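# Descriptive structure summary
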Amino acid sequence: MTVRIEVGVRPEHDDPRGSAAARRAQTLLHLPVERVRTRSVFKLAAALDHEASARICGALTDPVIEASALGALPLPDCDWIVGIGLRPGVTDNVGQTAGVFVADLLAGSPAALSQPPKVYTETLYLIWGATLEREQVRRLAVELLANPLIERIEVQSASEYGALPPDLGLPQADTGQPPVVETIALPDDDQALLALSRERTLALSRDELQAIRAYYQRPEVVQARAGSGLSNEPTDVELEALAQTWSEHCKHKIFNALIRYTDEHGHSKTIHSLFRSYIVETTRQVGQRVDWLVSVFHDNAGVVRIADDLYLVFKVETHNSPSALDPYGGAITGIVGVNRDPFGTGIGAALLANTWGYCLGSPFYDAPLPAGLLHPRRIRDGVHQGVIDGGNQSGLPYVRGFELFDDRFIGKPLVFCGTLGLMPAQIGGRPSESKDVCPGDVIVMIGGRIGKDGIHGATFSSEALHAASPAHAVQIGDPITQKRLTDMLLEARDAGLYRTLTDNGAGGLSSSVGEMARISGGAELELDRAPLKYDGLMPWEILLSEAQERMTLAVAPEHVEALLELARRREVEATPIGRFTADGHLRVRYADRLVADLELAFLHEGCPQLQLRARWTPPPGDDLDALGIELDRVACGPVLLALLASLDLCAKVDKCRQYDHEVKGLSVIKPLVGAQGDIPADAAVLRVRHGDARAVIVADAIAPRLSDLDPGAMAGWVTDLVLRRIIAAGGELGRVAALDNFCWPDPVQSASTPDGEQKLAGLVRCCESLHDTARALDLPLISGKDSMKNDSLRGGVKISIPPTLLLSAVGWIDDARRALDLSVPHAGTPLYVLGTTRPALGASALLAQLGRQQGRPQLVGRDVPRTSAAECQAACGALQAAIDEAFVVAAHAPHVGGLAVGLAMMALAADLGIEADLAAAPAEIPLSTAALLFAETPSRFIVAVAAERAQTFEDLCEERRVPWGRIGFTVTAAHLVLTHGSDRRPAIDLPLTALRAPYRETLRGV
């Protein structure tokens, strides 16, 4: 029996969801949609009488603004009706929550249910548009209202509606096929092997497939398998587990490849692993000079000591491929997935805060899109909403976020999600960072059930996006289930009810049990004990299905019952599904049959090392003289206004304010600051807990346009910037740690990537520069992620992202009152520039704007800004010393747009005018006004100093031999006046209202 309930906003009230759909249909698709209203549908698969059904219907309805009915509400005089519901196997978060709600509602009544019923949700869109044709309505549904990869669509005209709305049925996922285990023949023919990999989405290379085939032909393996009743060919369970474990996503094969690199001078060297040679080595060397590194690189997140009794845990992840297919589902999975990385580190960290950042195509993109790609506006809306929902429903604040736009991201957006956590140094007398698993420990799966969604997530993310990319790789994270899970596990952690834990992200049980088995030395898994969302899953699917709201625990046998009892009380599902062993094997059974037997050594170490070549040729860049660009003739005022209106620099207020940054009540410096709360802070600052003076500082830096000239210069620039941002917010040198997130187009030379050697060489240069700069700045890299296949082949068009490095950083201070932002509190405050400006304008916002004026959107010039770690450290040290002495009232690390944009932001933040003569700013050589104003030279600060301490501040800079210049003051007159040159005529003279208008308008309402 199915009970159908329909709920809608009463006609006299506004329907925000419908109004937004109508507005987007008009502005994005240019369809003659007059208005849209929506209704929510709940289908309960339960035997309920009319009284119980009516009671549920009333409880699901807000009586003030909503109307509801069993069956269907009356149809208004609309023209079309679109019904949208999830496909079989896709997680229905609202339906799951509604099922629990219904069971609680009916508890104790005659209609009480023994367990929550299955509830399926749908949405009806009632559309007015007298001239709309059916094909237009279907286009509206496919391109705007639904995602056919994960949702079902039914379109009806008002005349077809009759007495019943569109009937999508129930999305039953049961295939009706009994679970079977296949034996997979590995043919001798290499092309047949590669075809097998493509058909099963294994993402394995020829060498890897040959290594697997050779393993199954080893005499000792054949003999051992025969004794266990297995053939000398892999089962599908084994082959899928190997593909997941060896995937680029999990194994980081390119980052660990043997690379023969040749630079532009013909000098060659062999790099045995970028990861070990540059990332790990940076931290090893810095670790000899700092004493607060606790756990790096070998767990789910990095751990540092911020006090004798307290550890800080940090991880940033990417969810690019899933977000390209389903922006909402991919992004919500990204944020709840990274939440569980710190939580699954050591014995478990309590979560503190989230960060986000997206690289997207322009929301105003108006060129034809290759078939299969979603419009960047739709990706943007979906990604934001997914991350907002995932974090806000988990009760975590968002302390930091950014958006960057470049149309090279239309194929694959970059979706960065980060989470910070805290853990006491000791828990129950044990080091909290320890990850112990003992033979005999029980494997307990806890949290969300297993379904078809999330299968092949690791392998699908390890290749370019193409037409056959599987829809079932996309999962929908369930933040409500995860919140219950994490709360319960913190309770279990403090009671000592488990030994350690890890997540069920990429690869599901295959990944979590496979990784934990390395600690104990083996594992035996009983797949048929694992709780499923529905029947019909094959054993290999049960093993690989991912879920962010599911964890795997190692539990001492004597604690199992206490853990299960706590889980029952907290309404969290927990199931013993095996035990850890010490025999060197991962053995998997289903229905008492051995379906996989893999040596851990082969599973984790058998993947052959990639051997690649890289050759660097400097890009030619753009000759500005040949293009007729004269910097001496640039009109600086109009350029500044254009930059403030540009997508990368304009206000993102509308989206940012949808994120909750105040939950927990710990914020000190908020993501948006200033008199009108519309200027992004250099860094966010939050207290570690209530009643504690200590605080954490969070910042990030990203600059993909610099990689158009040199990814090495990009790495140095972002390393310099992220440290300056931490120091500008009150941080201290020697108390900052960083995380690296590399997102690269495919760097492996092939027929589809003929420039692979150049892209790989760029990656080498990026790693070298990051190593050199971070090491010199005592900035250890405590964790990170690489994503190496950020290309799209959909619609027969290859679109590759620009090589991108996101560097995120955390610092910690003992007193939150030390924190600063860029808002100057008073008029009459002296302003200084610390650091030398240099003429390099390569890949700057200025050149991008001049290029747009000439119809050259990718104008990058030639001279890329280079970073000096010594200059950065000197400037940071001087500012830190001035903050120590309370000289400084505001500080800012200028970046994109240089000093002109930096001063404009400070003026807007303070709502005070600024009068400054840039001739006083230190410069390497005499510069044109445009170069001095807009150069994006690293290692500089704009500093506001208390007037009575100005001379002391200048003396400090002189003592430290840091270049400085007093450039001007804040003033009460609401103008930005910037002069340069002997004639004293302002290069820029603009009222703040003229600056704020373009800054706020570009993305207003978008």
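Residues numbered from 1 in each chain as written. Predicted model: local features only at pLDDT ≥ 70, side-chain atom pairs only at ≥ 80, totals over all residues. Heavy atoms only, no water.

## Some points on the overall build of the protein
The number of helices and strands found in the protein is 30 helices and 42 strands. A compact globule built from 1006 residues would reach a C-alpha radius of gyration of about 30 Å, and the protein, at 29 Å, matches this within 12%. Expressed as lengths along the three principal axes of its C-alpha atoms, the size of the protein is roughly 85 × 75 × 60 Å. Across the 1006 residues that make up the protein, the buried fraction comes to 63%. Taking the contacts inside the protein whose residues are at least 6 apart along the sequence as the reference set, 81% of them involve residues at least 24 apart. With an accessible surface of roughly 35,600 Å², the protein has 50% of that area assigned to carbon and sulfur atoms. (Helix = DSSP H or I, 4+ residues; strand = E, 2+ residues; numbered from the N terminus. Rg over C-alpha atoms; globule rule 2.2 N^0.38 Å. Buried < 20%, exposed > 50% of the residue type's maximum accessible area, 1.4 Å probe, protein only. Contact = heavy atoms within 4.5 Å. Areas by Shrake-Rupley, 256 points an atom, 1.4 Å probe, with all protein chains shown as cover.)

## Here we look at helix α19 (residues 560–569)
Within α19, the full set of buried residues consists of Val560, Leu563, Leu564, Leu566 and Ala567. In a view along the axis of α19, the buried residues occupy a sector of 160°, so they form one face of it. Exposed side chains of α19 directed beyond 90 degrees from the buried face belong to Glu561 and Arg568. Against the buried residues of α19 lie β18 (442–447), α16 (479–494), β21 (550–555) and β22 (574–580). Phi for Glu571, located one or two positions after α19, is positive at around 60°. (Arc of directions from axis to C-beta.)

## Overview of the sheet that holds strand β1 (residues 2–9)
Reading across from one edge, β3-β1-β2-β5-β4-β6 is the order of the 6 strands in this open sheet, with antiparallel pairing throughout. Of all strands in the sheet, those bounded by a partner on one side alone are β3 (66–70) and β6 (151–157). Each adjacent strand pair in this sheet contributes to an overall mean axis angle of 20°, direction not counted. Across 7 bridges, β1 lies against strand β2 (residues 35–45) in antiparallel orientation. By the bridge assignment for β2, Val7 is matched with Ser40. (Pairing = 2+ DSSP bridges. Axes fitted to C-alpha atoms, helices over the stretch in contact; angles between N-to-C directions.)

## Observations regarding the sheet that holds strand β26 (residues 667–669)
In space, the 6 strands of this open sheet follow the order β26-β29-β30-β35-β31-β32, with mixed pairing throughout. Of all strands in the sheet, those bounded by a partner on one side alone are β26 and β32 (781–787). The average undirected angle you get between the axes of adjacent strands in this sheet is 20°. Pairing between strand β31 (residues 736–743) and β32: 6 bridges, direction parallel. Bridge pairing in β32 links Cys743 to Ser787. The sheet strands contacting helix α23 (residues 711–728) are β30 (695–702), β31 and β35 (804–813), and the helix crosses β30 at an angle near 155°. Its contacts with the sheet place helix α24 (residues 756–776) against β31, β32 and β35, and it is angled at close to 180° to β31.

## Some thoughts on the nonpolar core
With 164 residues, the main nonpolar core has Ile259, Leu640, Phe742, Leu763, Phe934 and Phe941 as its most contacted residues. Those residues in contact with Phe941, other than ones at most four positions away along the chain, are Arg724, Ile727, Ala728, Tyr832, Val833, Leu834, Ala875, Cys876, Leu879, His892, Ala893 and Pro894. Counting residues in hydrophobic clusters, the runner-up holds 53 residues, among them Leu239, Ile443, Ile455 and Tyr534. (Core = buried A, V, L, I, M, F, W, Y, C linked by side-chain atoms within 4.5 Å.)

## Notes on the environment of Gly877
By the secondary structure assignment, Gly877 is in helix α26 (residues 869–884). With 747 residues separating them along the chain, Gly877 and Ala130 place their C-alpha atoms 67 Å apart. Apart from the residues within four sequence positions on either side, Gly877 is in contact with Leu733 and Arg960.

## Some remarks on the packing of α23 against α26
What describes two packed helices is the angle between their axes and the distance between those same axes. With their axes 10 Å apart at the nearest point, α23 and α26 run at an angle of 5° to one another. Between α23 and α26, the angle falls in the class roughly parallel. Residues Asp720, Leu723, Arg724, Ile727 and Ala728 of α23 form the contact with α26, whose participating residues are Cys872, Cys876, Leu879, Gln880 and Ile883. For the contact of α23 with α26, a count of residues per class yields 7 nonpolar, 1 polar and 2 charged. (Parallel < 35°, antiparallel > 145°, perpendicular 65-115°, else oblique. Nonpolar A, V, L, I, M, F, W, Y, C, P; charged D, E, K, R; others polar.)

## Some points on the pairing of strand β25 (residues 611–615)
Residues Leu612 and Ala614 line the buried face of β25, whereas the alternating positions Gln611, Arg613 and Arg615 sit on a face that is not buried. Pairing of strand β7 (residues 258–262) with β25 involves 5 bridges; the strand directions are parallel. From the neighbouring strand, Leu258 faces β25, where its bridge partner is Gln611.

## Some thoughts on the pattern of salt bridges
Overall, the coordinates contain 61 salt bridges when judged by the stated rule. Here Arg818 ties to Glu732 by a salt bridge, and the two come within 3.8 Å at their closest N and O atoms. With a gap of 86 residues between them, Arg818 in the loop between β35 and β36 (830–834) and Glu732 in the loop between α23 and β31 connect regions that are remote in the sequence. Summarising the burial analysis for this pair, Arg818 and Glu732 share the class buried. The network of salt bridges with shared partners includes Glu732, Arg735, Asp814, Arg818 and Asp884. (Salt bridge = Lys/Arg side-chain N within 4 Å of Asp/Glu carboxyl O.)

## A closer look at unusual backbone geometry
The residue Phe297 is not glycine, and still its phi comes out positive at about 75°. As for its position among the elements, Phe297 is in the loop between β9 (293–295) and β10 (302–307). One non-glycine residue, Asp592, lies in positive phi territory at about 65°.

## Quick look at the packing of aromatic side chains
Applying the stated criterion across every chain yields a total of 13 aromatic pairs. Arranged with centres 5.3 Å apart and planes meeting at 65°, the rings of Trp246 and Phe602 form a pair that is edge-to-face. Taken together, the residues span a long stretch of sequence, with Trp246 in the loop between α9 (236–245) and α10 (248–251) and Phe602 in helix α20 (residues 600–605) at a distance of 356 residues. According to the relative accessible area criterion, Phe602 is buried, its value standing at 5%. (Phe/Tyr/Trp six-rings, centres within 6.5 Å; stacked < 30°, edge-to-face > 60°.)

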